[in-house]
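Chains, contacts and geometry: an overview
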2 protein chains.
Amino acid sequence: MSATTLAEVARKAGVSPATASRVLNGSARIPGPEIAANVRRAALELGYVPNAQAQGLAKSSSGVIGLIVHDIADPYFAAIAHGVQEAARERNKLVMLATTGGTPAEEATAVSAFAAHRADAIILAGSRTTAAADREANSTLANELDLYCRNDGQVAVIGRPVEGTGSPEHHHVIAVPNEDLACQLAGALAATHRGPFLIVAGPEGLATSDDRVRGFHHGLHAAGVPAAEVLHTGLDRAGGHATGAELAPRVAAAHREGAPVCLFAVSDVMAIGLVAGLREGGVQVPRDAAVAGFDDIETLRDFHPGLTTVRLPLLHIGRIAVESTVALPGGAAGAEPTVTGELMLRRSTTAAGQG
Amino acid sequence: MSATTLAEVARKAGVSPATASRVLNGSARIPGPEIAANVRRAALELGYVPNAQAQGLAKSSSGVIGLIVHDIADPYFAAIAHGVQEAARERNKLVMLATTGGTPAEEATAVSAFAAHRADAIILAGSRTTAAADREANSTLANELDLYCRNDGQVAVIGRPVEGTGSPEHHHVIAVPNEDLACQLAGALAATHRGPFLIVAGPEGLATSDDRVRGFHHGLHAAGVPAAEVLHTGLDRAGGHATGAELAPRVAAAHREGAPVCLFAVSDVMAIGLVAGLREGGVQVPRDAAVAGFDDIETLRDFHPGLTTVRLPLLHIGRIAVESTVALPGGAAGAEPTVTGELMLRRSTTAAGQG
DNA sequence: ACTGATTGGGAAAGCGCATTCCCGTTGTGT
DNA sequence: ACACAACGGGAATGCGCTTTCCCAATCAGT
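Note that the coordinates shown come from a computational prediction; the quantities given were computed from them, not determined experimentally. Residue numbers here run from 1 along each chain, matching the order of that chain's written sequence. Labels are handed out in written order, letters beginning with A for the chains and numbers beginning with 1 for the ligands. Local features in this predicted model are restricted to residues of pLDDT 70 or higher, and side-chain atom pairs are both shown and tallied only at a pLDDT of 80 or more, whereas totals for entire chains, interfaces and linings draw on every residue. As a rule here, side-chain values come from all non-hydrogen atoms in the structure, and water together with hydrogens is ignored.

Focus on the packing of aromatic side chains
Think of it this way: a Phe, Tyr or Trp ring, Trp meaning its six-membered ring, pairs with another when their centres are within 6.5 Å, and the plane angle makes it stacked under 30 degrees, edge-to-face over 60, tilted otherwise. As enumerated under the stated definition, the model contains nine aromatic pairs over all chains in all. Among the aromatic residues, ring-to-ring pairing joins F197(A), F216(A), F264(A) and F294(A) into one connected group.

Topic: the nonpolar core
Side-chain atoms within 4.5 Å link the members of a nonpolar core, which is a set of buried Ala, Val, Leu, Ile, Met, Phe, Trp, Tyr and Cys residues. Partly exposed residues are those whose accessible area sits between 20% and 50% of the maximum for their type, while under 20% is buried and over 50% is exposed, using a 1.4 Å probe and protein chains only. Counting 152 residues, the largest nonpolar core has F216(A), L263(A), L278(A), F216(B), L263(B) and L278(B) as the members making the most contacts within it. Not counting the four nearest positions on each side in its chain, L278(B) is found in contact with G244(B), A245(B), L247(B), A248(B), V251(B), L263(B), V283(B), V285(B) and V291(B). Within the second largest apolar cluster, 50 residues are counted, among which are V111(A), I122(A), A98(B) and V155(B). Note on contacts: a residue pair qualifies if any of its non-hydrogen atoms lie within 4.5 Å across the two residues.

As for the relation of the copies chain A and chain B
In the superposition of chain A on chain B (RMSD 0.1 Å, axial shift 0.0 Å), the rotation amounts to 180 degrees. Taken together, the rotation angle and the small translation identify this as a two-fold axis. For chain A, the minimum C-alpha distance to the rotation axis belongs to M96(A) and amounts to 2.1 Å. Of all interface residues in chain A, 98% are interface residues in chain B too; the two copies therefore contact each other through one and the same surface. The least-squares superposition of copies is restricted to C-alpha atoms, and to residues with a pLDDT of at least 70 in both copies.

With respect to helix α10 (residues 237-256) of chain A
All names here are of chain A. Going along the chain from the N terminus, every DSSP run of H or I of four or more residues is numbered as a helix, and every run of E of two or more is numbered as a strand. Each residue after the first adds 1.5 Å to the expected span of a helix. With 20 residues, α10 extends 27 Å from end C-alpha to end C-alpha; this agrees with the ideal 28 Å at 1.5 Å per step. In this scheme, the bend at a residue equals the angle between the axes fitted to the seven residues that finish there and the seven that begin there. Along α10, the helix axis deviates most sharply at L247, where the bend reaches about 50 degrees; the proline P249 sits within four residues downstream. Among the residues of α10, G239, G240, H241, T243, G244, L247, A248, V251, A252, A253 and A254 are the ones counted as buried. Against β6 (197-201), β7 (229-232), β8 (262-265) and α11 (268-280) lie the buried residues of α10. Residue G258 follows α10 closely and has a positive phi angle near 80 degrees.

Rendered as structure tokens:
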């Protein structure tokens, strides 16, 4: 059996389709109460479900927000998605999800798909990449976004703008002060930690990772601490874990020699993997080495020892991404789009007899 | 500037809209190569983006899969969403996400919204509830689902079927052997643990929680162990944490008296909160008490001490939910829809001098 | 070379709904 | 009592696309 249409409802209620349309959705003109009741009853009896596609086609607005993330299973993105979802619901919008694995090429196809669905807005979460290999894909992405904007689409990018896009009035950048916060973190750690610093970073060219590395370097430099060595690996638990296992002997040696290492992983999930890898290599945190992360992922806050990190208001970031891009039903625009973080100094960087 | 339409592309290419349509999407009839090239070039030059809504309206298929979860920030649902997303992409479908906080009423509105968008399938993840207070909302949900099915929608439910729905040929239940696995877990724990058992459950009436509690009871009973006390709390980290804090003195006392408690939290996130709460109350796991969880959430596998739990193939569950519900482009149906779990016995239930 | 089958393209009819116009009816002002 | 405004409802058009149906042109077959 096929879906019942507005026309059928109208016929059953003995009115015109126009009238039925007016009563069944908040139109400016509200038909008389008796007629309205009739229509509503007919709709109910027939099990009428409005066809959002037809509505969207007629109104040229789909009521959909597109969200693009690297990996929804990553708690970082899950938290952002949560915020997006909340704000979307307040606006009576649905959210469409695309996961891309972080490649600009996949992001471009996701944008294209969302554009095809005439999404009211597209939110692009996840680090931009500046790697040379992605240059072409990045420009494809920029083109796709421009195309979308030409059709009156709004896009919000979390972190950093996409290189090479035009129409800035359609682009909203939710800037995340990664560099500044990493700098602060480095300063705080340098104040208490005696010994060399090591940075466990994501792949080279990942903007978020690069920003945090750069900030950490600055912070160290400002504190008069020798520059940290940087190790590049995967921006996930596995990358951290592998690096931890690899580094364990060296870290253990450093500790024996009285110059324990402080490791900064550019994300919490990496830090967690790192700690696990070190532990499997016989290194205890914070006894033998200090470890810090970034993001303050909620699920990881109960980790033991408590992980020193930087809290990012992920949920809020998701919210303001949609706030900056689609107005509330009431009409008011959203809150101010500033994102700030907060240092969370916990046990993982507090060795006994230190601090 | 408004979007360019197929008609404009057709005019520019000097062909009819019909022909343009045929070349720009895989139609059965493929126009001549020269004409096709013309059309493609025109589309490119004009920056044509097909209107998926119009396509959906004309074809009556939207290419969208609706996913309903309690909370996307919960790693349990995030993992399922990941699997859904993967399988959806293989089928060239987009996924629409709705988070409901677990209330059947919200689930019903989500189903309604997805039905309005003519989603090709709806996947309902997250525990059903049998609480009396939800009776009415549950039947609303069932109605909404039936309405959706009447319009040829396919629905997959993860865990347990929704009570009161008809048209079983449209409903696919991805059964999760919660009860059986909890039973096995209880048996394994009873074999090594000496001391009373305590179950930290979710709200009463939550099917998943209830199933796991029941299974655990059975397992204990089969092992000849006295029945466990059940404590109901929130099915999240906060619930586990509060219960842990509350229980700490009692657990500590039990340990002092030589009869350490084994706590079974019905989900990993609860277990993590529980451990944290206990620790804040001075109870060390596994030294003073044993703790087990359920799900084997990936992000939590690096937890220390390793959490004894039951591994559920969450990603796979997400995959088969879509496989059972929308065919592959190739045409073949999906894999067999059986879900199995695996006991993961780790340190959290292995006190020194035991096991 | 003539008929019948096949191919390649166009015309047009929807898909389900919103909305602009239009018209008949009732209410207000002097 | 009459003109005019305001209101409440219907007819019709269009949103952008797919797809059937139809027609002209080409092809093979005896």
